[in-house]
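Given next are the chains, with one letter for each unit.
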Amino acid sequence: MDAEAVLAYLDANPDFLSGHAQRYGLKPVQDRVVSFADRQLLDLKDRNRQLEARLAQLVRHGEQNDQTLARTHKLSLALMKALTLSEVHSAILQVFSEHFGLNRVAVRLWHDAAANTELYNARQDVRLLAGNLSAPYCGPYANDEIISWFPAVPVLQSFAQLALREGTEPFGMVVIASDDAQRFTFDMQTHYLAQMGELISLAMLRALKA
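Residues numbered from 1 in each chain as written. Predicted model: local features only at pLDDT ≥ 70, side-chain atom pairs only at ≥ 80, totals over all residues. Heavy atoms only, no water.

Participant: Hey, could you run me through the pairing of strand β3 (residues 105-109) in this one?
Facilitator: Working note: regular strand, side chains alternate between the two faces of the sheet. Burial runs high along β3: five of the five residues are buried. Alternating residues of β3 divide into Val 105, Val 107 and Leu 109 and Ala 106 and Arg 108, and every residue in both groups is buried. Of the strand pairs in this sheet, β3 and strand β6 (residues 169-178) are connected by five bridges, and their pairing is antiparallel. The residue of β6 that forms the bridge with Leu 109 is Gly 172. (Buried < 20%, exposed > 50% of the residue type's maximum accessible area, 1.4 Å probe, protein only. Helix = DSSP H or I, 4+ residues; strand = E, 2+ residues; numbered from the N terminus. Pairing = 2+ DSSP bridges.)

See the structure below:
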């Protein structure tokens, strides 16, 4: 059979190559057959698109991290300027409201030096909860006592709970709440929150012991 006969057969049977693509190293793509070289080129383009999407995702994460670092720096500066317990508390509320867009923040302390302040709360369930927080908690759960620290409206959907510690011993808690269920989730990284908890702990202890 000569070449013309083969070509005539293929013209008369357009599905032949698609049906035998694997045998001849061909790949059907959207009802057409491409050569092995073309297939490699298409696969390379697919990988390039995947890499571009991954790179764009990494850039977004980097920008978000830079933004969080800048906001944490603002918190550090505000806490350094605050001298009294009231000033430290006000600095926390102001920074989270102005720079993080979070205006539902509660601070409670059971340090002896805070006993005569509005921040004092020595409830055993809260102290036990703080003691069990080896890392900041993020998610939809908060006990009734914590929920009572916030206004009833809006309904809060997610919480970040940070234990304040002197050494390893907790002496207070900071709870940040949001009506957005996706603001604080189980799978989010808590590295920066942990750093903020350390900064707030140091500022609080400095003011409490002044």
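From this point on, the discussion continues.
Participant: Would you take a moment to explain the packing of aromatic side chains for this structure?
Facilitator: Each aromatic ring pair is summarised here by two numbers: the centre-to-centre distance and the angle between the ring planes. Taken as a whole and assessed by the stated rule, the structure comprises two aromatic pairs. The ring of Phe 100 carries Arg 71 above its face, with NZ or CZ at 5.6 Å from the centroid. (Phe/Tyr/Trp six-rings, centres within 6.5 Å; stacked < 30°, edge-to-face > 60°. Lys NZ or Arg CZ within 6 Å of the ring centre and 35° of its normal.)

Participant: I'm lost on the environment of Ser 90 in this one. Help?
Facilitator: Along the chain, the position of Ser 90 falls in helix α4 (residues 85-98). On the accessibility criterion, Ser 90 (40% relative accessible area) is partly exposed. C-alpha separation for the pair Ser 90 and Ala 78, spaced 12 residues apart in sequence, amounts to 9.3 Å.

Participant: Looking at this structure, I do not really get the pattern of salt bridges. What am I missing?
Facilitator: Here the idea is simple: oppositely charged side chains can pair when their charged atoms come close. Under the defined criterion, the tally for this structure stands at four salt bridges. The partner of Asp 46 in a salt bridge is Arg 49, with the nearest N and O atoms 2.2 Å apart. Placement of both Asp 46 and Arg 49 in helix α3 (residues 36-81) is noted, with a separation of three residues, approximately one turn of the helix. Lys 209 serves as the salt-bridge partner of Glu 166, at 2.4 Å between the closest nitrogen and oxygen. Linking Glu 166 in strand β5 (residues 158-166) with Lys 209 in helix α7 (residues 191-209), this pair joins segments that are 43 residues apart in sequence. Here Glu 166 falls in the partly exposed class, since its relative accessible area comes to 33%. Here Lys 209 falls in the exposed class, since its relative accessible area comes to 54%. (Salt bridge = Lys/Arg side-chain N within 4 Å of Asp/Glu carboxyl O.)

Participant: Would you take a moment to explain unusual backbone geometry for this structure?
Facilitator: Negative phi values dominate among residues other than glycine, just as trans dominates among peptide bonds. Cis peptide bonds are those with omega within 30 degrees of zero, and the linkage from Val 153 to Pro 154 qualifies with 0 degrees. Assignment of secondary structure puts Pro 154 in the loop between α6 (144-147) and β5.

Participant: Where do I start with a nonpolar patch on the surface in this structure?
Facilitator: A grouping of Leu 55, Leu 58 and Val 59 is seen on the molecular surface, where their side chains present a nonpolar patch of about 260 Å² in accessible area. Note on placement: Leu 55 falls in helix α3. With relative accessibility at 54%, the residue Leu 55 sits in the exposed group. (Patch = residues over 30% accessible without salt bridge, like charges linked within 9 Å, V, L, I, M, F, W, Y side chains within 5 Å. Areas by Shrake-Rupley, 256 points an atom, 1.4 Å probe, with all protein chains shown as cover.)

Participant: Hey, could you run me through the layout of surface pockets in this one?
Facilitator: Remark: the empty space left among the atoms is shown by a probe the size of a water molecule rolled over them. By volume, the largest pocket is sized at about 660 Å³. Around the largest pocket, the lining is made up of 19 residues, and of these Gln 64, Thr 68, Met 188, Gln 189 and Tyr 192 lie nearest the centre. Sorting the residues of the lining of the largest pocket by element identifies α3 and α7 as the ones contributing at least two each. Top contributing element to the lining of the largest pocket by residue count: α3, with six residues. Counted by class, the lining of the largest pocket contains nine nonpolar, seven polar and three charged residues. Taken as a whole, the second largest pocket spans an internal volume of roughly 220 Å³. Considering the residues around the second largest pocket, the lining is formed by 13 residues, among which Ala 163, Arg 165, Ala 194, Gly 197 and Glu 198 are closest to the centre. In terms of residue count, the dominant contributor to the lining of the second largest pocket is α7 (five residues). (1 Å grid on protein atoms, 1.4 Å probe; cavity = no way out; pocket = protein on both sides within 12 Å on 5 of 7 lines; lining within 4 Å. Points joined across faces, edges and corners; volume = space filled by probe spheres on them. Nonpolar A, V, L, I, M, F, W, Y, C, P; charged D, E, K, R; others polar.)

No statement about biological role is implied by the geometric values presented.
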